[in-house]
Amino acid sequence: MKTLVISSRAEKFLLSDACAYDAEDVAIAALGADLMTARTDTATLARRYDLVLIFGVSFDRVREIKTQLLSTVRDRISGPVVAYIFGAYGALVRDTKHPLRQLIGPRKTAFSDFDRLYLGIGDEVAEIATCLNVETRYLPMAANVLGAAAQAYAGAPDRPIAVNAFGRQKADILNALSDRLNRPDSRGLVYYTNLLRIGEAVDLFRYRAMFWQVLRQSRVSTAFDHFFTDPQTARLSYVGPRWFEALAAGTVVAGVAPQTADRAALLDWEDATIDLSADPAAATDQMLALLADDARLKAASARNLAQMSLRHDWSHRLSDILATEGIAEPASLERYQRRLKDNAARVAQQPLRARA
């Protein structure tokens, strides 16, 4: 089996695109896929591909990649062309003022060329299929677990950052927590990214390496459901990248998880998300109690890494895609997932001892 990944990574440097590039990296490593960007010399590519994958953070990004690059290798493709869309905000298709209406109106023919769209959000999957004239399937998001290269928490010296708050957060809770811990008489540290407005990286890949290193040195990550952070404007509730990335890095997640079937299906192990109070003072007290409970942190960190290794790596989603498209799994994917199983077995024993 020969796979081609078509990517925007040679041109796009938005922080949000890093999620798509993580998925691409796993496809390259686990499937032995070739990577094509706007800078690729097509003469270096294979003469025939059994599967083409495009990962994009939005409908517009996927359309853009497909329009610019797919036509240049169309004659080399003998199998399905599929896309994975992270921000598949299907509930917005009925909003006539939303930009997505323009996308699925005159530009919907760009999507009908795909054999299937895999959607990272499960709302309105059937409606999106009708609007875009293409088959769709809900497929939860995941993380590059081996790429994160995390070890289970074994003691504060390993992870000097107490709390890592990246992405969408509940401001009043994080403000109270930061005020309590980020002061001279505290030995804790809250790394709170929302105190700056950033969206574009000068060097996305080095930024991403720093992102993972900071997560690997954090004990707890905070994550909150849309309807908890923005009850007036939220329209969708789903388990998104913040959970999968934080769990893959071996942090313990605290906050408020989506109150949906997804939480029960995807985050079904003990302490996958430790719920905090809506009251900022009470949530801060809960967080401090959690940080003081080293045994709970160690056990939860190990469980998180084991569960991510066994269930929520991007290679597991690739298995789902291959099965759906009727393509046999290559030996490289089996070897890759064996490494994940070995990783899960190793970290399951890690809380029993401190690392040297």
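Quantities reported herein were computed from a predicted structural model and do not represent experimental measurements.

Novice: Talk me through the overall build of the protein chain; I want residue IDs and the actual numbers.
Specialist: From N to C terminus, the protein chain includes 15 helices and 11 strands. Within the protein chain, residue pairs in contact and separated by at least 24 positions form 74% of the contacts whose partners lie at least 6 positions apart. Mean positive and mean negative side-chain charge positions of the protein chain (44 and 42 charges, respectively) differ by 2 Å.

Novice: Account for the nonpolar core, naming residues and giving values.
Specialist: If you look at the biggest cluster of nonpolar residues, it comprises 58 residues, and the most contacted ones within it are L53, F55, F86 and L318. Secondary structure elements with two or more residues in this core: α1 (18–31), β3 (51–56), β4 (81–85), α6 (145–148), α8 (204–216), α10 (241–248), α14 (314–325) and α15 (331–348). Ranked by residues supplied to this core, first place goes to α1 with nine residues. Not counting chain neighbours up to four residues away, the residues in contact with L318 comprise V26, A27, A30, L31, L53 and F55. By size, the runner-up hydrophobic cluster in this structure holds 28 residues, among which are L4, Y49, F59 and F111.

Novice: Describe the packing of aromatic side chains, and please don't skip the residues or the numbers.
Specialist: Two numbers describe a pair of aromatic rings. These are the distance of the centres and the angle of the planes. Applying the stated criterion across every chain, the model contains 12 aromatic pairs. Pairing Y21 with F205 gives two aromatic rings, centres 5.8 Å apart and planes at 25 degrees, and the pair type is stacked. You can see Y21 sitting in helix α1 and its partner F205 sitting in helix α8, a full 184 residues away along the chain. Note on Y21: relative accessible area 3%, which makes it buried. For the ring pair F166 and F211, a centre distance of 5.1 Å and an interplane angle of 90 degrees mean the geometry is edge-to-face. Of this pair, F166 sits in the loop between β7 (161–165) and α7 (171–181) while F211 sits in helix α8, and the two are 45 residues apart along the sequence. Its relative accessible area of 8% is what places F166 among the buried residues. We classify F211 as buried; its relative accessible area is 9%. Clustering of aromatic rings is evident, with ring pairs tying together F55, Y84, F86 and W314.

Novice: Describe in detail the packing of α1 against α14, supporting the description with residues and values.
Specialist: With their axes 9 Å apart at the nearest point, α1 and α14 run at an angle of 70 degrees to one another. Classed by the angle they form, the pair α1 and α14 counts as roughly perpendicular. Residues C19, D22, A23, V26, A27, A30 and L31 of α1 form the contact with α14, whose own contacting residues are W314, S315, L318 and L322. Residue composition of the contact of α1 with α14, grouped by class: nine nonpolar, one polar and one charged.

Novice: Tell me what's going on with the sheet that holds β7, and back it up with residues and numbers.
Specialist: As summarised here, the arrangement of the five strands in space is β8-β7-β9-β10-β11, forming an open sheet in which the pairing is parallel. Strands with a single pairing partner mark the edges of an open sheet, and in this sheet they are β8 (190–192) and β11 (274–275). Bridging between strand β10 (residues 252–256) and β11 involves two bridges; their strand directions are parallel. In the sheet register, G255 faces β11, and the bridge partner there is D275.

Novice: Account for the sheet that holds strand β2 (residues 34–36), naming residues and giving values.
Specialist: Taken in spatial order, the six strands of this open sheet run β2-β1-β3-β4-β5-β6, and their pairing is parallel. Sheet topology places β2 and β6 (136–138) at the edges, where each strand pairs with a single neighbour. Sheet twist, expressed as the mean angle between neighbouring strand axes with direction ignored, is 25 degrees. When β3 meets β4, the two strands line up parallel, connected through five bridges. Looking across to β4, one finds that I54 is bridged to A83.

Novice: Describe the pattern of salt bridges, naming the residues involved and giving the relevant values.
Specialist: Under the counting rule described, the total for this entry stands at 24 salt bridges. A salt bridge links E24 to R9; the nearest nitrogen and oxygen atoms lie 2.9 Å apart. Of this pair, E24 sits in helix α1 while R9 sits in the loop between β1 (3–6) and α1, and the two are 15 residues apart along the sequence. As far as burial versus exposure is concerned, E24 and R9 are alike and both buried. Shared partners join several salt bridges into a network, and the residues in it are K12, D17, R61 and E64.

Novice: Break down unusual backbone geometry for me, with residues and values.
Specialist: In this structure, N133 is a non-glycine residue whose phi angle is positive, near 55 degrees. Looking at where N133 falls in the secondary structure, it is placed in the loop between α5 (125–132) and β6. Notably, A149 is not glycine yet its phi reads approximately 50 degrees, a positive angle. Locating A149 in the fold gives a position in the loop between α6 and β7.

Criteria and thresholds
Residues numbered from 1 in each chain as written. Predicted model: local features only at pLDDT ≥ 70, side-chain atom pairs only at ≥ 80, totals over all residues. Heavy atoms only, no water. Helix = DSSP H or I, 4+ residues; strand = E, 2+ residues; numbered from the N terminus. Contact = heavy atoms within 4.5 Å. Lys, Arg positive; Asp, Glu negative; His and termini not counted. Charge placed at Lys NZ, Arg CZ, Asp CG, Glu CD. Core = buried A, V, L, I, M, F, W, Y, C linked by side-chain atoms within 4.5 Å. Buried < 20%, exposed > 50% of the residue type's maximum accessible area, 1.4 Å probe, protein only. Phe/Tyr/Trp six-rings, centres within 6.5 Å; stacked < 30°, edge-to-face > 60°. Axes fitted to C-alpha atoms, helices over the stretch in contact; angles between N-to-C directions. Parallel < 35°, antiparallel > 145°, perpendicular 65-115°, else oblique. Nonpolar A, V, L, I, M, F, W, Y, C, P; charged D, E, K, R; others polar. Pairing = 2+ DSSP bridges. Salt bridge = Lys/Arg side-chain N within 4 Å of Asp/Glu carboxyl O.

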